[in-house]
Amino acid sequence: MDNNLCLSCDRGKPALLHLADVSTPIKGNSFGALASVSGEVVFNTGMVGYPEALTDPSYRGQILVLTYPLVGNYGVPDESVLDEFSLPKYFESAQIHITGLIVSSYSWEHSHWTAQKSLSEWLEKSGIPAMYGVDTRMLTKKIRSKGTILGRIEIDDGIGKAMPQSLKFENPNSRNLVAEVSTKDVTVYGEHFSPTILAYDCGIKFNIIRYLVSEHKVKLVVVPFDYDLESNPSNIEWEGLFLSNGPGDPTMCPQTIKGIQFALQLEPPRPIFGICLGNQLLSLACGAKTYKMKYGNRGMNQPCVDLRTGRCYITPQNHGFAVNPDTLPENWKPLFLNANDLSNEGVIHTSKPFFSVQFHPEASGGPCDTAFLFSKFVGHVRSIPQPLMLHSPQSYLTKTYSKVLLVGSGGLSIGQAGEFDYSGSQCIKALKEEGIEVILINPNIATVQTTPAEGSTKSTSADHIYFLPIRKEVVLDIIKKEKPDGIIVSMGGQTALNVGIELWNEGTLQAHNVDVLGTQIPVIEATEDREIFSQKLKEIDETIALSYSANTIEEAKVAAAKIGYPVLIRAAFALGGLGSGFAADEKELVSLAAKAFSCSNQILIDQDLRGWKELEYEVVRDAHDNCVTVCNMENFDPLGIHTGDSIVVAPSQTLSNREYFMLRRTAIKVVRHLGIVGECNIQYALDPISEKYCIIEVNARLSRSSALASKATGYPLAYVATKLSLGQNLVSIRNSVTKTTTACFEPSLDYCVLKMPRWDLKKFRRVSNTLGSSMLSVGEVMAIGRTFEEVIQKACRMVNPSLDGLDGEDSDLIEFKSNDELEKQMTSATDTRLFAVQLAFERGYTVEKVNQLTKIDSWFLSKLFNIATMRKACKSYTGSLENLLTADRMKTLKINGFSDRQIARYTQGCGVPSNGMGEIHIRNLRKGLGVIPCVKQIDTLAAEFPAQTNYLYVTYSGDEDDVDMVVKEHTAENALKTKGVMVLGCGAYCIGSSVEFDWCAVSCVRQLRRDGFKAVVINYNPETVSTDYDESDRLYFEELSLERVLDIYEREGVGGVVVSVGGQIPNNLSLPLSENGVNILGTSATNIERAEDRAVFSEMLDSMNINQPPWSVLTSHKEAESFAKRVGYPVLVRPSFVLSGAAMRVATDETQLKNFLRLATAVSADKPVVVTKFILDAKEIEFDAIAHNGKILNYAIGEHLENAGVHSGDATVVLPAQKLYVNTIRHVKRYSAAIAKSLDITGPFNIQFMAIGNQVHVIECNLRASRTFPFVSKTLQANFISLATRAMTGCPAVPYRISLLDIDYVCVKAPMFSFTRLRGADPTLGVEMASTGEVACFGHDAQEAFLQAMLSTGFKLPTKAKPILLSIASDKFRKEFLSSAEMLVKLGYSLLGTAGTAKYYAGNGLDINVVTKPINEDDNSQCAVTGAPSALGEIQNAKVTMVINISEGTTRKDEISSGYLIRRAAVDFGVSLVTNVKCAVMLVECLERGCDKFDARHIGEFYKIPTVGWSKN
């Protein structure tokens, strides 16, 4: 191999770990000292604190396996830095005590402000060998099942030879390990303090000394373990005895036991306190017995229950022996109990001040939740009466609830997305388990939680579901009707929270005897109101970033002057940083503050801490004050970017033990002080060069981070939080993964998780891609692996399936050619900065230089540098492929996250095909080399306990699978059912593919399981219900790529794959999967391809004499221009195989056509681009259906309120259709049946039509579920996906009885937009989808349903106190709205109009005042000539109640310019905006008919409305 070729697999010499159980030696590579050693192999499940662990004397003689895979990240601090007692400040003793170290992945590069050397250098200096590249999870499971094993690390050039027979395994427990680590001298600390405590040093940790002397001001005399206390040769006058931790078998310390026995006999008794080994020694001294545990307890998250109070504490431990509580003599009782394995964790004398615990209250490394035990001990020594510890009466005072109202989050928007569907679904499940009737209000019809109960889902569905606006008056109506005794407002984002606060402050909840479950409203307000929050933190000596609240712009100016510019402006009580931004000066402050006040009546002015690290902790607390941190997360980007827009890593990677537990300790202190019950999230800013920190905020509710933390750890936060809100305690709730351990624990991760946001900013013109304090991402992905390189490359592919991994140049996302331009991009956070950084490394930039430009931590950057280095090694190699890709090098590439497709592209110079076959070529080569991924479990406890979990991920950092791939015997008849079915999920939420596809996937999976099929799910979206491990038989949190799906398909041996319920990503995989032998269930891959390929599909329609707009496939730009001239503009440019109309554009002239063709060609890649005639003024129709073998089983026909030209995802859809001709419906059904037959459809499909009069044209056909399937299914009380699933799996598929004409209610689906966050975006509708979510409401007629749907999107009805502004571009639209304008005047509304609009309506006899059109965004003053006010000024000064702005849809600059400014101002200043004439007319109809007044009815009541001459039963 070329010496310049570095694939990092050669770092360190080969090493072997031999185990005494004579199993096959475990291979790895070395770091640290080149020495061979033996010892007892044990594991530690802590995720930080390796300097502390390695210097813990309790590990003497042991080979330590660290279960967390990434080790060495923050280096090793300076050993010469001493504390006030001349002890090494950052260590637990003066030397390393382990014999050897085993890790999965070693970080050769480290980053931390305290680091002086690397871990490898430290180990080498100390003569300690270490290995990496080991499947530590496999090793942990072996130790767990067999017990601690003797082992030997061999590092030698002749490593492949058999181990000599003479080689011995040394058992360290046969030595007196305590004698080896104990001091030889008597040492005094705190000479001037009193009282005096004598400490037996059996291996005492330095932090114990620091804690007793610094914190408790005692004089501590440390004596050797064998000091004769009775003869007391040093004449020590002592008042209390402390028994330290230490290694090995306690029975090998008879001298210590003798001394303790002497102390026990003294009268009056002197207090005795022991920890760890000290617990065992005290027990032996009093006459009890100890035993060697199977594998001991070593880590930082052992839950221990105080048997006096029932409280549970998280404790750090390191011991292999335990006390047998059954052998305790009279007057001695167990004090603590391990809540996981039920082993003894402490003993206490019933009448004398003698007690001990098995854990480490001083906690280094680890938490110090039980440090109060030191206070108790020192209090005894000082003869201070200790408070009586009693069991809390809370458990006997818990109220029971029979009916609970759950408030949902409404339509998905930026900042409040699918995570609340997951949270709400978990909440419903938890409530139903308790036998509670659940009432749900949520107008988001696409969600899983709003699915009515059917069959086996009754246990997970709400009893009554209200599809109504989440407004206080609506919620009050439901409360009056349903009479719930409890309400949950913490599972529906800021929407639910704000409604809850309003109802509480008005006294409504109290008046109706409705309890707020979980965290109480005053506590929530304390976290939302900056001044109250700051005061609360001051009470416990914690601080927030310098911050002031302001209720006016003048107050904001004063606050900013106090803090100093730049400052951060935020709207209070807002979600996702809505209304926030950084102001560099007063001018920017005024502009931002004005917009922020449109979202809230209070704004916050914060200190700018950009460049600091940002961290989060998810905290859970019950009403009994048990409190744990479930997950901590670190942002890849420094502070200054909203956490929703930042790459987030769990657990944190660059925090030391001190920092990690400092922030954890603060989190618990804050949560307890505030009184939060349930789950919350606390965010920090941490100085990257000190331990200085400040609290950013606390979210006293389930948040986006909560869903991420749940999926990252396997800890179901929403489910647990719901149980806690009912008064249950953490100890009694079971860990839902292990099924045997308690939920009062802190998960240990033996993998790394990375969340990456998904943006769709390129869909919007004028929107900057610069990231800041206001969230812009529309979705996110979560990647799981055992190296950072692996997870970040996985995440890149998940976010953008067209990417092969993390590349700079090859990503085609970075346009800058010069280094100056590249550096400019890196200094500013954007949605593509990650790829700019990667390009910089590919160009030879150093980690130091990129760190200076970006402020991203150097540890993260070093990992990106590794990726660039390996890329270069592959691309620059010119030899044969076989020489380049040996088995070791192939595995190294795969461990670091490189995909087969990526490797194929890099190695084209070695003869790998450059077409699509390159990926398969590399796949076959890889499998031939035996490089195959492993399947690992997410089990919450790093393999310490057996896990009954189906929650899985795939990695190459391992040697064995965690789960068996069971192949059952089957016959031809039951083959599919026995083998099972794989369902491909939706991937990241984006514009065009959102929660509706998760509903489809979940519906499919639930039907499969009802029918007895094993269901295997692949998805990587942490916001979804489909990635809840309870939903499927096996959940793979993995990529939806050809490579990964084939890996899992082959491993699971399933009978078939469903690609039609997850949207476009799985649909696009159908053909390549089929070509590689995968059985695609339902419609064949070739027919899916026929429908997706615009040209082929159009040719098929022509051959069937089915109408469609004139079309032409793009073979050249010239031909497209010729076609457009022939049919006449406007024309529609349509790429193939895309979702949400990506790159679809309406061209009105030749210049636009050329520009749009370039864009479409780039998006569609090698797929056809079709140009069609764009038909104006046509009605668009949705046809959703299920077919079996080409025959339609059920269908639904919905009509768009807007005319064709508005993307179906942005359209207002009415179901059943209200205004279609009978002949039109007949044509739609006839065409659909013909298409279904021609494509031999089995499963779900959607066809979009347009109609002018009775002329019906086909727009497109999707051979998959569409976004309207949940809408259709819930409206018609017929789950279309359940039926489709039965059809696809060969089960009897009996059609539902549906008669669209006889349904006596209407449902209207309305789009949900996020234009308030997308600054600069033009809030108009077109052929490319812009909405981020949807809502739907029911009514007796279309008007009632429409108005409720509009209100559910956040639309505010106009008031008569202010005028309505009309700006309508053409006489055609003005005429269409004329009768509506007349009705507005009749109803008492006053009107304003821009010049042309006002002239038209004045000419028709209407009273309307003129406003001027703005020329630019500063044109907000009166006209100097006419005195007419500016439209912009009226909007900005809140003098308008609603804006109706209908653009002409042409490219005339004056209309676009002024219309855009008016529309944008309406959005920015919170004024209701209507941009479609059909919607405007419908809105006025609703106002005329008084549809804003209605009775709250749940969906079941609509289903029961009697019909004439027909019924479903």
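Refer to the structure presented above.
All residue numbers refer to positions counted from 1 along the written sequence of the respective chain. Under the rules for a predicted model, residues below a pLDDT of 70 receive no local features and side-chain atom pairs below 80 are neither given nor counted, while totals for whole chains, interfaces and linings still include all residues. Computation of side-chain values: all heavy atoms of the structure, hydrogens and water removed.

**Details of the overall build of the protein**
Each helix corresponds to a stretch of at least 4 residues labelled H or I by DSSP, and each strand to a stretch of at least 2 residues labelled E; elements are numbered beginning at the N terminus. What the protein contains, in helices and strands, is 47 helices and 59 strands. Radius of gyration here uses only the C-alpha atoms, and the compact-globule reference equals 2.2 Å multiplied by the residue count raised to the power 0.38. For 1513 residues, the compact-globule estimate of 2.2 N^0.38 gives 36 Å, and the C-alpha radius of gyration of the protein, at 34 Å, lies within 12% of that figure. The buried label goes to any residue with under 20% of its type's maximum accessible area, the exposed label to any with over 50%, and the partly exposed label to all in between, with areas taken from a 1.4 Å probe on protein chains only. Burial status across the protein gives 67% buried among its 1513 residues. Counting contacts in the protein only where the partners sit at least 6 residues apart, residues at least 24 apart contribute 73% of the total. For the protein, the computed accessible surface area is about 51,100 Å², with 50% contributed by carbon and sulfur atoms. Residues counted as positive are Lys and Arg, residues counted as negative are Asp and Glu, and His and the chain ends are not counted. By convention, the point assigned to a charge is CZ for Arg, NZ for Lys, CD for Glu and CG for Asp. Of the charged side chains in the protein, 150 are positive and 169 negative, and the gap between their average positions amounts to 3 Å. Contact criterion: two residues are considered in contact whenever any of their non-hydrogen atoms come within 4.5 Å of each other. Note on areas: Shrake-Rupley with a 1.4 Å probe; residue coverage comes only from the protein chains shown.

**Regarding the pattern of salt bridges**
We define a salt bridge as a side-chain nitrogen of Lys or Arg found within 4 Å of a carboxyl oxygen belonging to Asp or Glu. In this structure the tally under the stated criterion is 90 salt bridges. In this structure, Lys117 engages Glu79 in a salt bridge whose closest nitrogen and oxygen atoms are separated by 2.9 Å. In this pair, Lys117 sits in strand β9 (residues 115-117) while Glu79 sits in the loop between β6 (76-77) and β7 (100-102), placing the two residues 38 residues apart along the sequence. We classify Lys117 as buried; its relative accessible area is 11%. Judged by relative accessible area, Glu79 falls into the partly exposed class, the value being 25%. A salt bridge links Lys723 to Glu434, with the shortest nitrogen-to-oxygen separation between them at 2.5 Å. Separated by 289 residues along the polypeptide, Lys723 in helix α20 (residues 717-725) and Glu434 in the loop between α10 (419-433) and β23 (437-441) bring together distant segments of the chain.

**Quick look at the side chain of Glu1038**
Note on placement: Glu1038 falls in the loop between β42 (1034-1037) and α32 (1042-1052). Polar contact is the term for a pair of N or O atoms within 3.5 Å; when the atoms are in protein, one must be able to donate a hydrogen and the other to accept it, and sequence-neighboring residues count only if both atoms are side-chain atoms. Only 3.0 Å separates the side chain of Glu1038 from the side chain of Arg1044, close enough to count as a polar contact. Excluding its chain neighbours within four sequence positions, the residues that come into contact with Glu1038 are Ile784, Lys794, Met798, Tyr953, Val954, Ile1018, Asn1019, Tyr1020, Arg1044 and Ile1048.

**Topic: the nonpolar core**
Within this scheme, the nonpolar core is defined by two criteria: the residues are buried Ala, Val, Leu, Ile, Met, Phe, Trp, Tyr or Cys, and they are joined through side-chain atoms within 4.5 Å. One finds Leu54, Leu101 and Leu119 to be the most contacted residues of the largest nonpolar core, which totals 315 residues. The greatest single-element share of this core, amounting to 9 residues, is contributed by helix α18 (residues 657-674). In this structure Leu119 touches Phe31, Tyr50, Leu54, Val71, Gly72, Val76, Leu101 and Tyr106, once residues within four positions along its chain are discounted.

**Things to note about the packing of helix α23 (residues 833-842) against helix α24 (residues 847-854)**
Whenever a helix is involved, its axis is fitted only over the stretch in contact; in every case the axis is a line through C-alpha atoms, and angles between N-to-C directions fall within 0 to 180 degrees. Two elements in contact, α23 and α24, have axes separated by 10 Å at closest approach and are oriented at 150 degrees. Overall, the two elements α23 and α24 adopt an arrangement that is roughly antiparallel. The chirality of how α23 crosses α24 is right-handed. For the pair α23 and α24, contact is made by Arg833, Val837, Ala840 and Phe841 and by Val847, Val850 and Thr854, respectively. Under this grouping Gly is polar, as are all residues other than the nonpolar Ala, Val, Leu, Ile, Met, Phe, Trp, Tyr, Cys and Pro and the charged Asp, Glu, Lys and Arg. The residue makeup of the contact of α23 with α24, split by class, is 5 nonpolar, 1 polar and 1 charged. Angular relationships are summarised with four words: roughly parallel below 35 degrees, roughly antiparallel beyond 145, roughly perpendicular across 65 to 115, and oblique for the angles in between. It is the rotation of the near helix from the far one that decides the hand of a crossing: anticlockwise by less than a right angle makes it left-handed, clockwise makes it right-handed.

**Section: the pairing of strand β51 (residues 1243-1252)**
Look at any regular strand and the pattern is simple: side chains alternate between the two faces of the sheet. In terms of burial, β51 is largely enclosed, as 9 of its 10 residues are buried. In terms of strand pairing, strand β48 (residues 1179-1188) meets β51 through 9 bridges, oriented antiparallel. Note that in β51 the partner of Glu1182 across the bridge is Gln1248. Bridge count between β51 and strand β52 (residues 1255-1262): 7 bridges; the pairing is antiparallel. When the sheet's bridge partners are listed, Ile1247 is paired in β52 with Cys1261. Any two strands with at least two DSSP-identified bridges between them are counted as paired. Joining the antiparallel neighbours β51 and β52 is a turn of 2 residues, in which Gly1253 adopts a positive phi near 65 degrees.

**Points about the sheet that holds strand β13 (residues 196-201)**
Pairing within the open sheet is mixed, and its 10 strands lie in the order β12-β14-β13-β15-β16-β21-β20-β19-β17-β18. Of all the strands in the sheet, just β12 (187-189) and β18 (312-324) have a single pairing partner and so form its edges. Between one strand axis and the next, the sheet turns by 20 degrees as a mean value, whatever way the strands run. Examined bridge by bridge, β13 and strand β15 (residues 240-243) share 4 bridges and lie parallel to one another. The partner of Tyr200 across the bridge, within β15, is Leu243.

**Focus on the packing of aromatic side chains**
In this description, a pair of aromatic rings is defined by centroid distance and the angle of the planes. Stacked, edge-to-face and tilted labels apply to pairs of Phe, Tyr and Trp rings (six-membered ring for Trp) whose centres lie within 6.5 Å, assigned for plane angles under 30 degrees, over 60, and everything in between, in that order. Here the structure, examined in full by the defined rule, presents 44 aromatic pairs. With a centroid separation of 6.3 Å and an interplanar angle of 90 degrees, the aromatic rings of Phe85 and Tyr189 are classed as edge-to-face. In this pair, Phe85 is assigned in the loop between β6 and β7 and Tyr189 in strand β12, connecting sequence segments 104 residues apart. On the numbers, 5.5 Å between centres and 85 degrees between planes, the contact of Phe273 with Phe374 is edge-to-face.

**Some thoughts on the side chain of Thr955**
Position of Thr955 among the secondary structure elements: in strand β39 (residues 951-955). Judged by its relative accessible area of 0%, Thr955 is buried. A polar side-chain atom of Thr955 sits 3.0 Å from a polar atom in the side chain of Glu790. The residues contacting Thr955, other than those within four sequence positions of it, are Arg786, Glu790, Pro933, Cys934 and Lys936.

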